[in-house]
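Residues per chain are reported as follows:
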Amino acid sequence: MLKATLRSFLAHKGRLLLSALAIVLSVAFVAGSLIFSDTVTRTFDRLFHSTSADVTVEPRQDLKSQVPTGEAETVPASLAGRVARVDGVASTHADVSVQNITVVDSKNKSVGPTTGAPTIATDWYLTARSPVKLTSGHAPQSGGEALLDADTADKKHVKIGDTLTVLAQPGTFKVQIVGIATFTTTNPGAALVFLDPKTAATQLLGSAGKATSISVDAAKGVSDAQLKTRIVAEIGTGTYDVKTADEQAKSAASDLGGFLDVIKYVMLGFAGIAVLVGVFLIVNTFSMLIAQRTRELGLLRALGADRRQVRRSVLTEAILLGLVGSTLGLAAGIGLAAGLIKLMSVFGMNLKTTEMVVGWGTPVAAYVVGVGVTFVAAYLPARRAAGVSPMAALADAEIAGIGKPLRVRAIVGSIVGVLGAAALVGCATATKTASSASLLGLGVVLTLIATVIAGPLLVRPVIRVLGAAFPALFGSIGRMSQRNALRNPRRTGATAAALMVGLALVGGMSVASASMSKSFDQQIDKTLGADFVIQNSNFVPFTQEVTDKVRGTEGVGLVVRQRFAPIAVRLPDGKRIETTAAGYDNGVDDVAHVTYAAGNSAAALAPGSIGMDVDFAKDHGVRVGSTIPVEFPAGKKTELKVTALTDQDNSGGFGMQGGLFFGIATVEKYVPGGQDSALYVNAASGTSPDQLRKNLDKNLEPYPQVQVRDQADYKKLVHDQIAVLLYLVYALLGLAIIIAVLGVVNTLALSVVERTREIGLLRAIGLARRQLRRMIRLESVVIAVFGAVLGLALGLVWGVCVQQVLALQGMKALAIPWTTIVAVVIGSAVVGIVAALLPALRASRMNVLAAIAHE
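*Asks:* Can you walk me through the overall build of the chain in this structure?
*Replies:* If you tally the helices and strands in the chain, you get 26 helices and 24 strands. With the C-alpha coordinates aligned to their principal axes, the bounding extent of the chain is approximately 95 × 65 × 55 Å. With 855 residues in all, the chain has 51% of them scored as buried. Residue pairs at least 24 apart in sequence account for 83% of intrachain contacts in the chain once pairs closer than 6 positions are excluded.

*Asks:* Teacher, can you tell me more about the nonpolar core here?
*Replies:* Buried together is how nonpolar side chains tend to be arranged in soluble globular proteins. In this structure, Phe286, Ile463, Leu503, Ile739, Leu772 and Ile776 are the most contacted members of the largest nonpolar core, which totals 90 residues. Sort the elements by how many residues they give to this core and helix H24 (residues 769-807) lands first, with 15 residues. Listed in part, the 25 residues of the second largest apolar core include Ala604, Tyr680, Tyr714 and Met811.

*Asks:* Explanation requested: the environment of Leu440 in the structure shown.
*Replies:* Among the secondary structure elements, Leu440 is positioned in helix H12 (residues 433-466). Among the residues examined, Leu440 registers a relative accessible area of 13% and is labelled buried. Discounting residues that sit within four places of it in the chain, Leu440 has contacts with Leu424, Cys427, Trp798, Cys801, Val802 and Val805.

*Asks:* Is there a simple way to think about the pairing of strand E13 (residues 213-218) in this case?
*Replies:* Along any regular strand, the residues point their side chains to alternate faces of the sheet. Taking burial as the measure, the six residues of E13 include six buried ones, the bulk of the element. Two strands pair when backbone bridges link them, and strand E1 (residues 55-59) and E13 are joined in this way by three bridges, in the antiparallel orientation. In the sheet register, Thr56 faces E13, and the bridge partner there is Ser215.

*Asks:* Can you help me understand the sheet that holds strand E14 (residues 240-244) in this one?
*Replies:* Within a beta sheet, neighbouring strands are joined by backbone hydrogen bonds and run either parallel or antiparallel to one another. If you trace the four strands from one edge of the open sheet to the other, you get E3-E13-E1-E14, paired in antiparallel fashion. The open sheet terminates on both sides in strands that have one partner only, identified here as strand E3 (89-95) and E14. Sheet twist, expressed as the average angle between the axes of neighbouring strands with direction ignored, equals 20 degrees. Relative to the sheet, helix H6 (residues 224-235) contacts E1, E3, E13 and E14, its axis offset from that of E14 by approximately 165 degrees.

*Asks:* Teacher, can you tell me more about empty space enclosed by the protein here?
*Replies:* With a probe scaled to a water molecule rolled over the atoms, the places where space remains empty come into view. With the rule as written, the count across this model stands at four cavities of 30 Å³ or more. Counted as a void, the largest cavity has a volume near 90 Å³. Considering the residues around the largest cavity, the lining is formed by Asn484, Arg487, Asn488, Arg491, Thr492, Thr495, Thr747, Leu748, Ser751, Arg755, Glu779 and Ile783. Its residues assigned to classes, the lining of the largest cavity comprises two nonpolar, six polar and four charged. Of the pockets and cavities examined, the second largest cavity occupies roughly 60 Å³. Lining the second largest cavity we find 13 residues, and of these Phe280, Leu281, Asn284, Gly743 and Thr747 sit closest to its centre. For the lining of the second largest cavity, the elements supplying multiple residues, two or more each, are helix H7 (245-292), helix H15 (489-527) and helix H22 (711-754). For the lining of the second largest cavity, the per-class residue count stands at seven nonpolar, six polar and no charged.

*Asks:* It is not clear to me how helix H11 (residues 407-429) should be interpreted in this structure. Could you clarify?
*Replies:* In an α-helix, one turn spans 3.6 residues; hence positions three or four apart end up facing the same way. In a regular helix each residue adds 1.5 Å, so 23 residues correspond to 33 Å; H11 covers 33 Å between its end C-alpha atoms and thus fits that length. Those residues of H11 that sit buried are Gly413, Val416, Gly420, Ala423, Leu424, Gly426 and Cys427. Those residues of H11 that are buried lie in contact with H12 and H24.

*Asks:* Just checking my understanding: could you explain the environment of Gly635 for this structure?
*Replies:* When you line up the elements, Gly635 lands in the loop between strand E20 (627-631) and strand E21 (637-646). Taking relative accessible area as the criterion, Gly635 reaches 52% and is therefore assigned exposed. Taking the C-alpha atoms as reference points, Gly635 and Leu192, 443 residues apart in sequence, are found 32 Å from one another.

*Asks:* Can you walk me through the pattern of salt bridges in this structure?
*Replies:* One pass over the structure, following the stated rule, counts 18 salt bridges. When salt bridges that share partners are traced, they join Arg561, Arg563, Asp585, Glu668 and Asp676 into one network.

*Asks:* Explain helix H21 (residues 689-699) here, please?
*Replies:* Listing the buried residues of H21 in full gives Leu692, Asn695 and Leu696. Taken down its axis, H21 places every buried residue within 100 degrees of arc, on the same side. In H21, the exposed positions angled more than 90 degrees off the buried face are occupied by Asp690, Lys694 and Lys698. Its buried side turned inward, H21 meets strand E15 (532-536), helix H16 (544-551), strand E16 (556-570), strand E23 (678-683) and strand E24 (706-709).

*Asks:* Looking at this structure, I do not really get the environment of Leu772. What am I missing?
*Replies:* Tracing the sequence through the fold places Leu772 in helix H24. Each C-alpha atom, one on Leu772 and one on Ile759, is 8.2 Å from the other, the two residues being 13 residues apart in sequence. The contact partners of Leu772, leaving out residues within four places of it in the chain, are Ile759, Arg763, Leu767, Ala843 and Ser844.

*Asks:* Help me understand the packing of aromatic side chains, please; the structure alone is not making it clear to me.
*Replies:* The description of an aromatic ring pair rests on the distance of the ring centres and on the angle between the ring planes. For the structure shown, the criterion picks out four aromatic pairs. Seen from their ring centres, Phe470 and Phe474 are 5.9 Å apart, and the 80 degrees between their planes marks the pair as edge-to-face. Of this pair, Phe470 and Phe474 both sit in helix H13 (residues 470-474), four residues apart, which is roughly one turn of the helix. For Phe470, a relative accessible area of 10% translates into the label buried. An aromatic cluster of three or more residues is present, and its members are Phe632, Phe662 and Tyr670.

*Asks:* Sorry, what's going on with a nonpolar patch on the surface here?
*Replies:* Together, Ile319, Leu323, Phe375, Val376, Tyr379 and Leu380 line one region of the surface with nonpolar side chains, adding up to about 520 Å² of accessible area. Elements with a minimum of two residues in the nonpolar patch: helix H9 (307-346) and helix H10 (361-386). When residues of the nonpolar patch are assigned to their parent elements, the largest contribution, four residues, is made by H10. In this fold, Tyr379 is placed in helix H10. Its relative accessible area of 37% is what places Tyr379 among the partly exposed residues.

*Asks:* Sorry if this is basic, but what is going on with a negative patch on the surface here?
*Replies:* A surface patch of negative charge is lined by Asp573, Asp615, Asp619 and Asp647. As for its position among the elements, Asp573 is in the loop between E16 and strand E17 (576-584).

*Asks:* What am I meant to see in unusual backbone geometry here?
*Replies:* What is expected of a backbone is that most residues other than glycine have negative phi and most peptide bonds are trans. A positive phi angle, close to 65 degrees, is found at Asn108, a residue other than glycine. Among the secondary structure elements, Asn108 is positioned in the loop between strand E5 (102-104) and strand E6 (119-123). Here Asn108 falls in the partly exposed class, since its relative accessible area comes to 25%. Its identity is not glycine, yet His157 carries a phi of approximately 55 degrees, on the positive side.

*Asks:* Hey, could you run me through the packing of H11 against H24 in this one?
*Replies:* Working note: a packed helix pair is described by the angle between its axes plus the distance between those axes. Where H11 meets H24, the axes come as close as 8 Å, and the angle between the chain directions of the two elements is 30 degrees. Judged on the interaxial angle alone, H24 and H11 are roughly parallel. For the pair H11 and H24, the sense of crossing is left-handed. Along its contact with H11, which presents Leu424, Cys427 and Ala428, the element H24 presents Val797, Trp798, Cys801, Gln804 and Val805. Each residue belonging to the contact of H11 with H24 can be placed in one class, and the counts come to seven nonpolar, one polar and no charged.

Cut-offs and rules
- Residues numbered from 1 in each chain as written.
- Predicted model: local features only at pLDDT ≥ 70, side-chain atom pairs only at ≥ 80, totals over all residues.
- Heavy atoms only, no water.
- Helix = DSSP H or I, 4+ residues; strand = E, 2+ residues; numbered from the N terminus.
- Buried < 20%, exposed > 50% of the residue type's maximum accessible area, 1.4 Å probe, protein only.
- Contact = heavy atoms within 4.5 Å.
- Core = buried A, V, L, I, M, F, W, Y, C linked by side-chain atoms within 4.5 Å.
- Pairing = 2+ DSSP bridges.
- Axes fitted to C-alpha atoms, helices over the stretch in contact; angles between N-to-C directions.
- 1 Å grid on protein atoms, 1.4 Å probe; cavity = no way out; pocket = protein on both sides within 12 Å on 5 of 7 lines; lining within 4 Å.
- Points joined across faces, edges and corners; volume = space filled by probe spheres on them.
- Nonpolar A, V, L, I, M, F, W, Y, C, P; charged D, E, K, R; others polar.
- Expected span 1.5 Å × (residues − 1).
- Salt bridge = Lys/Arg side-chain N within 4 Å of Asp/Glu carboxyl O.
- Arc of directions from axis to C-beta.
- Phe/Tyr/Trp six-rings, centres within 6.5 Å; stacked < 30°, edge-to-face > 60°.
- Patch = residues over 30% accessible without salt bridge, like charges linked within 9 Å, V, L, I, M, F, W, Y side chains within 5 Å.
- Areas by Shrake-Rupley, 256 points an atom, 1.4 Å probe, with all protein chains shown as cover.
- Lys, Arg positive; Asp, Glu negative; His and termini not counted.
- Charge placed at Lys NZ, Arg CZ, Asp CG, Glu CD.
- Parallel < 35°, antiparallel > 145°, perpendicular 65-115°, else oblique.
- Left-handed = near helix turned anticlockwise from the far one by under 90°.

Here it is, written out as structure tokens:
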């Protein structure tokens with residue numbers, strides 16, 4: 001049996017090739033994502049460990065803001081001297097390092113990265129841990145000198161002698177580049193500007209007496225943990241965070257972890273899609289191979305092979321296929337990871353392929369996925385193979401399921417479908433976002449399973465409708481193509497299912513994204529009343545200079561500032577919630593349309609007052625007139641009276657969780673030194689918005705990071721952000737289509753082999769080669785469109801349910817992108833034509849006499 005199995009596998013290796021490609025793709029994405037994330041993690045672990053001081057003293061962050069506030073957290077520079085007196089300290093240094101800056105060249109073009117990485121200004125202080133070294137020029141020695149990292153200098157064409165402008169929180173200043181520093185470790189993609197220590201503290205923090213942290217080197221024989229304990233005993237823990245090198249490295253790595261997780265989960269999403277549609281392809285392939293080997297399997301049974309041996313033989317073939325596919329997929333995954341590492345250099349993160357990490361878990365995961373998926377997919381066909389009777393050797397029998405009743409599928413599919421529909425109905429009627437989202441996930445999974453199970457039941461009614469015009473348009477050729485698709489519902493259903501999965505995903509996400517775009521458009525129209533909003537392009541707060549420039553612009557009327565502050569509130573129900581509140585100037589009603597359930601803007605922005613979202617207030621037992629304790633950074637506390645409750649569809653514009661907001665005077669009192677996050681600007685009487693925009697653009701020219709946006713700009717910004725999500729979905733769709741095309745090609749190719757004698761007879765009675773090719777193409781088209789119809793119908797239901805979840809967050813508009821849906825159906829027909837090209841060509845080249853004599 002083993003010898004027969006190996007010979008059978010080698011005999012059908014061409015037919016199994018397309019199935020192997022599905023395995024290769026899924027394994028490649030799994031292996032590639034693991035290798036890439038392991039490589040980046042290991043690289044940055046080394047970077048963080050090699051550059052962290054033995055002990056670092058930082059300001060304690062009791063409250064973390066969900067949005068940038070522009071405030072630099074500092075410690076007294078004199079703390080370095082106090083720490084230096086601790087037993088076991090070899091040396092200390094007051095560090096200055098800020099990211100809330102913008103650096104521009106003489107043409108007012110930003111020198112910083114455009115990939116989201118920060119621009120960092122820091123003091124020049126070389127140690128054995130420094131990630132850079134001076135490679136040309138000299139170190140900065142005065143307030144007008146600076147160094148620039150070599151990567152940024154090369155990309156932005158900056159050379160020694162050039163003058164740059166630094167826009168920092170305390171003010172703007174110019175520096176001349178006197179040297180270039182080159183990274184000795186991995187460049188994380190940031191732009192680095194180095195100043196002399198005194199200038200750094202004065203210009204970046206506003207005072208020579210401030211620092212952002214204190215670096216401490218341990219004396220010989222003193223461990224980091226021992227030194228930390230001694231420093232904590234000296235300075236306490238109430239005001240400062242004291243971290244060892246390992247703790248500092250872990251903290252930095254955790255900040256990077258979110259970025260890595262996004263890449264990993266996206267790639268695993270691709271792997272999941274590849275696995276899912278690959279299962280259908282493998283099931284179909286083995287089902288058809290077994291159908292074509294009915295006589296062979298019957299002869300094995302007649303010669304004494306029992307059911308278990310036959311089943312084991314088919315599963316062995318599947319395992320061999322899985323092993324081959326997994327091995328090739330692992331190699332492809334290494335190549336994919338290398339490509340991703342190269343791609344990261346485009347974003348400024350200079351990783352090295354020579355340091356690629358292939359941990360033991362990667363090949364294990366690769367073979368578990370590849371072999372496991374193939375084994376599971378081949379199990380049902382193997383069971384059917386074991387059911388071949390010895391009598392099948394005496395007849396031209398077929399066990400592919402033609403003519404067999406579909407009662408079991410109907411019963412199981414109906415039960416699962418009803419459960420899935422009930423979950424989706426529950427999702428649409430739920431009043432809590434968490435429960436609605438959970439029911440949505442359950443409903444999506446169950447309805448997908450139900451559609452796959454019941455797909456063959458839908459083949460005959462749907463394809464009769466889809467192919468109804470074929471006889472009229474193509475005559476007998478059209479009729480035969482339609483009947484070929486109807487001949488084996490199980491096969492047609494499984495072939496179409498691979499395409500259905502991808503299209504259901506794109507249909508659902510298209511509805512969700514279109515609904516989000518329409519909802520945001522309505523929100524912007526409904527809430528934004530200002531002529532223009534002034535913000536940084538990356539939403540980081542800007543300096544006071546920008547605010548002064550805007551106020552001094554000709555034609556500017558009302559200017560309302562927005563400033564954020566991290567706070568914690570103690571609510572009547574006993575809960576303490578950390579969130580971010582927004583502060584506003586008076587005049588909010590002139591730049592925003594706010595709906596109030598109680599109170600008004602004047603009451604909310606008055607000293608000692610606070611406003612919040614009405615639903616948040618109800619959930620926590622807050623009423624107008626309630627006084628709630630509020631904590632600000634640095635341990636500052638007060639009590640504020642609730643004087644207004646907003647009733648917005650989406651309170652996100654007035655803060656974060658809870659929609660908390662108050663007067664900007666409150667922010668300035670408890671969080672001094674902050675920066676404005678946005679300016680809402682109205683034109684003065686007699687000035688048109690178009691003229692004001694020209695004036696603003698001209699006046700803000702020295703600040704390239706600052707954007708002037710009106711309602712149309714905001715809508716475009718939102719649409720562009722949503723488009724990023726859509727591009728990911730379309731990429732997943734592309735992968736699903738690739739594998740689905742492989743599935744259709746495989747099915748048609750095996751179907752041509754299966755119908756060799758039939759094709760020979762058709763050719764013998766006068767069917768032309770051109771007519772034969774057309775028949776196979778039409779069969780492929782109707783199968784592909786059938787999969788598209790099922791997938792889009794399912795996707796529309798999912799999309800509507802996703803919109804119901806979004807509605808609980810204020811996005812209540814429903815939009816269905818009919819243009820996209822029509823385009824997908826047309827595209828599916830094209831996919832069917834492309835998939836049929838090779839099988840149709842092969843069929844038309846058959847020798848008629850040989851085909852008739854084929855067994």
